[in-house]
Amino acid sequence: MRAQDFQGIKLYRVPPAGKRTAKDGTPVRPKKMGKIHFPVFTPEGSRLLGFMCTPPEIAGMVKRPDFFVAYDALEPFEGVLCAVDEKASFDKAAAKRLGIDLDRCLIWTGMDVRTQSGSSLGYCADATFDPKTGAVSHYALTRGATASVLLGDVEMPAQYLRGYRDGCMIVDDAVADLEVSGGAAARAAEVTVKVSAKVKEGAKVLDDHGSVAVEKGTRAVGRQLGKTKGMFRAFKSEFKKAAGTDTKKKGK
């Protein structure tokens, strides 16, 4: 399972088991909580712990702070993704239950990637993890959104991750020799045909302003988090500032 599969998905709140049926026998309707934003990993990057989520604005105007939801508190209910409505599913209570310090955890996706010897390898775009345990098997490294579409990503085994330094994901020097995989060009080469017009059009879409803003914001957050304690308190503003979307609404 990929971390990106969750990003942007609407999250709902569902009562604990045993309280999910109304008096008339119908299922309790889940309540919307917001949207899943960034994946949160252990400091050493071995496991996905949960996600930062953005709640709806109050009356469509007043922003509320993002919150952390534990991965093991998520489950499907009535066709939507839900978080179990218990205190230990969120924020500090969830961190205490999981035995972690949120201010030491990292959002690896978005970080610039460098080898131990200092070579730049682009940035971390995604992570593949076990859907049951959250254990990370691979990190996807890329040079950019268009490169991912046309050429593919470097699927780096998680054991090559060596740590965090100066805003970067530090990886083993051997990663520089890993080959890209999964790109449209690679797939086209396998069947000896050129990249189709549709793929080229898709690459152009990825280069449009909206996608560029998301990519810039994600990378800025990846670089920012981990530099100071209390990283989760302000990551949303860092994202918007870097992406160029931190503008006031009209009429205010």
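Residues numbered from 1 in each chain as written. Predicted model: local features only at pLDDT ≥ 70, side-chain atom pairs only at ≥ 80, totals over all residues. Heavy atoms only, no water.

### Here we look at unusual backbone geometry
Right, on to step 1. Of note, the phi angle at Glu78 is positive, near 55°, even though the residue is not glycine.
Right, on to step 2. With respect to the element layout, Glu78 can be found in the loop between strand E5 (74–77) and strand E6 (80–84).
Right, on to step 3. The exposure class of Glu78 is exposed, given its relative accessible area of 53%. (Helix = DSSP H or I, 4+ residues; strand = E, 2+ residues; numbered from the N terminus. Buried < 20%, exposed > 50% of the residue type's maximum accessible area, 1.4 Å probe, protein only.)

### So, the confidence of the model for the protein
Right, on to step 1. In this model, the protein carries a mean pLDDT of 77, and residues with pLDDT of at least 70 account for 68%.
Right, on to step 2. Predicted confidence for residues 183–215 stays below pLDDT 50, and this span has 35 contacts to residues more than four positions away or in other chains.
Right, on to step 3. Overall, residues 222–230 carries pLDDT values under 50, and its contacts beyond four positions in sequence, including any with other chains, amount to 23 contacts. (pLDDT = per-residue confidence, 0-100. Contact = heavy atoms within 4.5 Å.)

### Quick look at the nonpolar core
Right, on to step 1. The biggest cluster of nonpolar side chains holds 34 residues, and the ones touching the most others in it are Leu11, Phe51, Val69, Tyr139, Leu141 and Met169.
Right, on to step 2. Residue assignment for this core shows that the elements contributing at least two residues are strand E2 (31–41), strand E3 (48–54), strand E4 (67–70), E6, strand E8 (120–129), strand E9 (136–142), strand E10 (152–157) and strand E12 (168–171).
Right, on to step 3. Considering each element in turn, this core owes the most residues, 4 residues, to E8.
Right, on to step 4. Setting aside chain neighbours within four positions, we find Met169 in contact with Trp108, Met111, Asp112, Val113, Arg114, Cys124, Tyr139, Leu141, Met156, Leu161 and Gly163.
Right, on to step 5. By size, the runner-up hydrophobic cluster in this structure holds 13 residues, among which are Met52, Ala95, Ile100 and Cys105. (Core = buried A, V, L, I, M, F, W, Y, C linked by side-chain atoms within 4.5 Å.)

### What about the packing of aromatic side chains?
Right, on to step 1. If you walk through the whole model with that rule in mind, you get 6 aromatic pairs.
Right, on to step 2. Consider the rings of Tyr71 and Phe129, whose centres lie 5.3 Å apart with planes at 90°: the pair is edge-to-face. In this pair, Tyr71 sits in the loop between E4 and E5 while Phe129 sits in strand E8, placing the two residues 58 residues apart along the sequence.
Right, on to step 3. Overall, Phe129 belongs to the buried group, its relative accessible area being 2%.
Right, on to step 4. Aromatic rings pair up to connect Phe6, Phe51, Tyr71 and Phe129 into one cluster.
Right, on to step 5. Of note, Arg20 hangs over the ring of Phe77, and the distance from its end group to the ring centre comes to 5.5 Å. (Phe/Tyr/Trp six-rings, centres within 6.5 Å; stacked < 30°, edge-to-face > 60°. Lys NZ or Arg CZ within 6 Å of the ring centre and 35° of its normal.)

### A short note on the pairing of E9
Right, on to step 1. The buried fraction of E9 amounts to 5 of the 7 residues, a majority that puts the element mostly inside the structure.
Right, on to step 2. Connecting E8 to the next strand, E9, in antiparallel fashion are 6 residues, including Gly134 with a positive phi near 85°. (Pairing = 2+ DSSP bridges.)

### Some points on the pairing of E3
Right, on to step 1. Along E3, 7 of the 7 residues are buried, which leaves the element largely enclosed by surrounding structure.
Right, on to step 2. Sheet topology note: the E2/E3 ladder contains 6 bridges and is antiparallel. Across the sheet, Phe41 pairs through a bridge with Leu48, a residue of E3.
Right, on to step 3. Connecting the antiparallel pair E2 and E3 is a turn made up of 6 residues, with Gly45 showing a positive phi of about 80°.
Right, on to step 4. Sheet topology places E3 next to E4; 4 bridges connect them, and they run antiparallel. Across the sheet, the residue bridging to Phe51 is Val69, located in E4.

### Some details on the side chain of Asp126
Right, on to step 1. Note that Asp126 resides in strand E8.
Right, on to step 2. With a relative accessible area of 6%, Asp126 lands in the buried category.
Right, on to step 3. At 3.3 Å, the side chain of Asp126 forms a polar contact with the backbone nitrogen of Ala3.
Right, on to step 4. Within polar-contact distance, the side chain of Asp126 engages the backbone nitrogen of Gln4 at 3.1 Å.
Right, on to step 5. Discounting chain neighbours no more than four positions away, the residues touching Asp126 are Arg2, Ala3, Gln4, Thr109, Tyr139 and Ala140. (Polar contact = N/O pair within 3.5 Å; in protein donor to acceptor, adjacent residues only side chain to side chain.)

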